[in-house]
Amino acid sequence: MANVVSVNISEKKGQMKHEVPSIELKIKHGIVGDAHAGDWHRQVSMLAEESVDKMRVILPTLVHGAFAENINTRGISLMTQPIGTRMKIGDSAVVEVTQIGKECHNDCAIKQAVGKCVMPTEGIFVIVIEEGTVKAGDEIVILND
């Protein structure tokens, strides 16, 4: 079973995301209270905990949100989900994959510390299709298998 491990936000751009008890997903916005919210194709970022674990071998002190991810997951291969994939998260939220990976900032603290970063190749971005609250422990279901 795939599930949410943590949810993370940053109130200001340039700050590291920090774990919060829950997030509210809004259509044409993304996450209420997150500095990167907006009506664009990268409303919410997701990263598999399995990807973070690869980096924890090198940097054991990594915390949720260190890669600027909003949602950490376990039990789902995010990077293999094609663009257009829809996922239900928790009781009511539905998101759609719009981008896989991204260009890494050269000033990324993790890349500077260890020479590589997993978000550019293994993270994904989604838009909100149906609104809802998401929290750690919520189940993730692929809707269009």
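In case you missed it, the structure is sitting above this.
Residues numbered from 1 in each chain as written. Predicted model: local features only at pLDDT ≥ 70, side-chain atom pairs only at ≥ 80, totals over all residues. Heavy atoms only, no water.

## Structural notes on the overall build of the chain
- When helices and strands are counted, the chain shows 3 helices and 11 strands.
- Seen in sequence order, the chain has helices and strands lined up from the N terminus as β-β-β-β-β-α-β-β-β-α-α-β-β-β.
- When the 145 residues of the chain are sorted by exposure, 49% land in the buried category.
- Long-range contacts, defined as pairs at least 24 residues apart, comprise 67% of the intrachain contacts of the chain with a sequence gap of at least 6.
- Accessible area for the chain stands at about 7,100 Å²; split by element, carbon and sulfur atoms hold 53% of it. (Helix = DSSP H or I, 4+ residues; strand = E, 2+ residues; numbered from the N terminus. Buried < 20%, exposed > 50% of the residue type's maximum accessible area, 1.4 Å probe, protein only. Contact = heavy atoms within 4.5 Å. Areas by Shrake-Rupley, 256 points an atom, 1.4 Å probe, with all protein chains shown as cover.)

## Here's the deal with the pattern of salt bridges
- Summed over the entire model, instances satisfying the criterion amount to 9 salt bridges.
- Where K17 meets D34, a salt bridge forms, and the shortest distance between an N and an O atom there is 3.0 Å. Of this pair, K17 sits in the loop between β1 (2–9) and β2 (18–20) while D34 sits in the loop between β4 (30–31) and β5 (44–48); the two residues are 17 residues apart in sequence, bridging distant segments of the chain.
- The shortest N-O distance in the salt bridge between E96 and R86 comes to 2.7 Å. With E96 in strand β8 (residues 93–100) and R86 in strand β7 (residues 86–89), this pair connects stretches of sequence that are 10 residues apart.
- Among the residues examined, R86 registers a relative accessible area of 33% and is labelled partly exposed.
- Connected via shared salt-bridge partners are E49, E50, D53, R56 and R74. (Salt bridge = Lys/Arg side-chain N within 4 Å of Asp/Glu carboxyl O.)

## Focus on the nonpolar core
- Counting residues in hydrophobic clusters, the biggest one holds 25 residues, and the most contacted among them are I23, L25, I71, M87 and V134.
- Broken down by element, this core gets its largest block of residues, 4 residues, from β1.
- Non-local contacts of L25, meaning those with residues more than four positions away in its chain, are made with G30, I31, V44, A93, V95, V128, E131, G132 and V134.
- If you look at the next biggest cluster of nonpolar residues, it comprises 9 residues, including V52, M55, M119 and F125. (Core = buried A, V, L, I, M, F, W, Y, C linked by side-chain atoms within 4.5 Å.)

## Some words on helix α1 (residues 49–56)
- The complete set of buried residues in α1 reads E49, S51, V52, M55 and R56. One side of α1 carries all its buried residues, which in axial view fall inside an arc of 155 degrees. (Arc of directions from axis to C-beta.)

## Remarks on the pairing of β7
- Covered by surrounding structure in β7 are M87 and I89 only, the residues R86 and K88 on the alternate face being uncovered.
- Where β7 meets β8, 4 bridges bridge the pair, whose relative direction is antiparallel. Its bridge partner lying in β8, K88 is registered against V94.
- Connecting the antiparallel pair β7 and β8 is a turn made up of 3 residues, with G90 showing a positive phi of about 70 degrees.
- Alignment of β7 against strand β11 (residues 139–142), held across 3 bridges, turns out to be antiparallel. Note on β11: the bridge partner recorded for M87 is I142. (Pairing = 2+ DSSP bridges.)

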